[in-house]
Amino acid sequence: MVRRIAAAIADSTASGDSRVLIHLAQGSDAYAAMFGALMAGGYYAPVDVTAPPERQTRIVAGFEPTVVVTATSLPPHVAAAAGQAKVVALSKLPATELADPRAPAHLAYVIFTSGSTGEPKGVMIPRRGLAHYTAWAGEAMAIVPGDRWSQHPNIAFDLSVLDIYGALCWGATLYPITNRKDRLMPGDFVRRHRLTIWDSVPSVIDLMRRAGQAGAEQLSSLRMATFCGEPLLAEHLDALFAANPGLTVHKDRKS
């Protein structure tokens with residue numbers, strides 16, 4: 001799939017410096033599109049397909065894509081904002097594969113801020129920065145192929161980068177949360193898939209506690225939990241360690 005997407009992207013542009021908008025739901029297709037964009041020598045910006053149309057439009061217009069990867073067809077508001085960008089629909093993806101990666105662009109991806117204080121701003125991340133971050137994650141978190149890793153943050157939120165590249169570049173299995181029930185009852189998701197690594201904002205622990213799903217039955221399989229984006233409170237840690245005393249907790253220094 002990755003090589004087929006890469007071929008479609010490469011065929012759509014004369015330059016290897018393709019700006020690839022990923023308009024796909026969280027899951028394996030979106031991950032394949034990310035790696036396909038990089039293999040084609042471009043860089044990408046993911047869009048939260050559940051976000052209000054106005055926000056999607058602002059991000060698309062700000063990114064000015066040359067290629068848009070989507071499932072079947074684009075909603076009218078995205079198509080209008082994308083202008084003359086080539087649309088790569090996964091439902092009609094040619095069988096052709098890109099044999100060799102194109103020369104890489106300087107950037108790996110662009111993540112847009114929330115825009116809560118004004119217009120969403122595109123934060124540009126270079127490939128070298130992503131490579132360093134991925135290498136750090138593998139070593140700091142001792143990721144192994146047997147790990148089973150959650151993917152809770154939306155792909156348009158920068159926290160998702162740790163999940164996607166930390167898991168897939170180090171051989172772990174990635175488990176995206178794709179429905180509302182699992183988002184509201186994440187403890188059951190951990191139990192059901194016997195996850196070993198959990199990554200989210202700390203307030204998700206409150207969801208687990210309110211649902212009565214922050215006990216040993218749900219969290220005993222975890223060896224590590226990592227949090228950022230919000231304050232990690234003592235009550236969160238108390239709940240986690242009561243359920244799983246051997247758990248290792250990482251948190252971003254800004255949390």
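None of the values given here were measured: they were computed from a predicted structure. (Residues numbered from 1 in each chain as written. Predicted model: local features only at pLDDT ≥ 70, side-chain atom pairs only at ≥ 80, totals over all residues. Heavy atoms only, no water.)

Caption draft 1: Structural detail: the side chain of Thr134. Counting through the fold element by element, Thr134 comes out in helix 5 (residues 127-140). Discounting residues that sit within four places of it in the chain, Thr134 has contacts with Tyr165, Cys169 and Trp170. (Helix = DSSP H or I, 4+ residues; strand = E, 2+ residues; numbered from the N terminus. Contact = heavy atoms within 4.5 Å.)

Caption draft 2: Representation of the nonpolar core in the model. Counting residues in each nonpolar core, the largest one holds 43 residues, and the members touching the most others are Ile9, Val20, Ile22, Tyr44, Val69, Trp149 and Tyr165. Counting only elements with at least two residues in this core, the list comes to helix 1 (2-12), strand 1 (19-23), helix 2 (28-39), strand 3 (67-70), strand 5 (107-112), helix 5 and helix 6 (160-168). Of the residues forming this core, the biggest block, 8 residues, is contributed by helix 2. Dropping the residues within four chain positions of it, Ile22 is found in contact with Ala30, Ala33, Met34, Tyr44, Ala45, Pro46, Val47 and Val69. (Core = buried A, V, L, I, M, F, W, Y, C linked by side-chain atoms within 4.5 Å. Buried < 20%, exposed > 50% of the residue type's maximum accessible area, 1.4 Å probe, protein only.)

Caption draft 3: The layout of surface pockets, seen in detail. Volume-wise, the largest pocket comes out at about 940 Å³. Looking at the lining of the largest pocket, the elements that each hand over two or more residues are strand 5, strand 6 (122-126), helix 5, helix 6, strand 10 (224-227) and strand 11 (248-251). Top contributing element to the lining of the largest pocket by residue count: helix 5, with 4 residues. (1 Å grid on protein atoms, 1.4 Å probe; cavity = no way out; pocket = protein on both sides within 12 Å on 5 of 7 lines; lining within 4 Å. Points joined across faces, edges and corners; volume = space filled by probe spheres on them.)

Caption draft 4: Molecular detail of the packing of aromatic side chains. Counted according to the given criterion, the structure contains 4 aromatic pairs. Aromatic side chains Tyr44 and Tyr109 sit 5.7 Å apart centroid to centroid with 25 degrees between the ring planes, which places their arrangement in the stacked category. Pair noted here: Tyr44 is in strand 2 (residues 43-46) and Tyr109 is in strand 5, with a separation of 65 residues, a long-range link. Accessibility expressed as a relative area gives 7% for Tyr109, which makes it buried. Between Tyr133 and Trp136, the aromatic rings sit 5.8 Å apart at their centres with planes inclined by 15 degrees, giving stacked as the arrangement. Here Tyr133 and its partner Trp136 are both found in helix 5, 3 residues apart, which amounts to about one turn of the helix. Taking the relative accessible area as the measure of exposure, Tyr133 reaches 33% and is therefore partly exposed. For Trp136, a relative accessible area of 43% gives the class partly exposed. (Phe/Tyr/Trp six-rings, centres within 6.5 Å; stacked < 30°, edge-to-face > 60°.)

Caption draft 5: View of empty space enclosed by the protein. Scanning the model with the defined rule gives 2 cavities of 30 Å³ or more in all. Volume-wise, the largest cavity comes out at about 40 Å³. Around the largest cavity, the lining residues are Trp198, Ile205, Met208, Leu219, Leu222, Ala225, Phe227 and Leu240. Elements that contribute at least two residues to the lining of the largest cavity include exactly helix 9 (203-210) and strand 10. If you list the elements that add at least two residues to the lining of the second largest cavity, you get strand 2, strand 5 and helix 6. Sorting elements by how many residues they give to the lining of the second largest cavity places helix 6 first, with 3 residues.

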